[in-house]
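If you want the building blocks of each chain, they are given just below.
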Amino acid sequence: MVTGRRTALAVTLAVIMGMGSAAALADGISDNVVKIGVLTDMSGQFSHESGDGAVAAVRMAIEDFGGKVRGKPIELVVADHQNKSDIALGIARKWFDVENVDMIANLINSSIHIRWRKAPARR
């Protein structure tokens, strides 16, 4: 369990650091805020492997990184996909299309991940 949280923390920190360099190539950061979404199982069978622990790991990574990327604040949004791919897809689409979330982390369940990858792009 602790190893999983450390791994989540390390991966999130690496992604955040990568966003900093990727953002340097772009004209700017959307809405002047870097939004990271943690879409996880908060109440079902995977909640012990991810859930609150994954959210805490991402929060720690954001704090360790100073809470900013290129001077822009990092904002964390969290949702429970309830271990249902249709709910996960709906949340992800809303985050990307409406709420300007820049990345989604912690898609622990393979059916959630596969459903998202097969969804048509909405750009």
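To be clear, the structure that these remarks concern was listed above.
Residue numbers restart at each chain and count upward from 1, following the sequence in its written direction. pLDDT decides what is reported in this predicted model: residues at 70 or higher carry local features, side-chain atom pairs at 80 or more are listed and counted, and totals for whole chains, interfaces and linings draw on all residues regardless. As a rule here, side-chain values come from all non-hydrogen atoms in the structure, and water together with hydrogens is ignored.

Turning our attention to the overall build of the protein. Numbering of helices and strands runs from the N terminus, with a helix taken as a DSSP run of H or I at least four residues long and a strand as a DSSP run of E at least two residues long. A tally of helices and strands in the protein yields four helices and four strands. Reading the protein from its N end, one meets helices and strands in the order α-β-α-β-β-α-β-α. Using a 1.4 Å probe, the Shrake-Rupley method yields the accessible areas, and only the shown protein chains count as cover for residues. Accessible surface for the protein amounts to roughly 7200 Å². Of this, 52% is attributable to carbon and sulfur atoms.

This next bit is on unusual backbone geometry. Despite not being glycine, Gln82 shows a phi value in the positive range, around 55°. Considering the arrangement of structural elements, one finds Gln82 in the loop between β3 (72-80) and α3 (85-97). One non-glycine residue, Asn100, lies in the positive phi region at around 55°. Tracing the backbone through its elements, the reader meets Asn100 in the loop between α3 and β4 (103-105). Between buried and exposed lies partly exposed: a residue is buried under 20% and exposed over 50% of the maximum accessible area for its type, with that area taken using a 1.4 Å probe on protein chains only. Judged by its relative accessible area of 28%, Asn100 is partly exposed.

Once that is clear, we can look at the pairing of β3. Here strand β1 (residues 34-40) pairs with β3 via seven bridges, running parallel. Opposite Leu39, over in β3, you have Ala79 as the bridge partner. Pairing of strand β2 (residues 68-69) with β3, which is carried by two bridges, proceeds in the antiparallel orientation. Following the sheet pairing, Lys68 is matched in β3 by Pro73. Any two strands are treated as partners once DSSP identifies two or more bridges connecting them.

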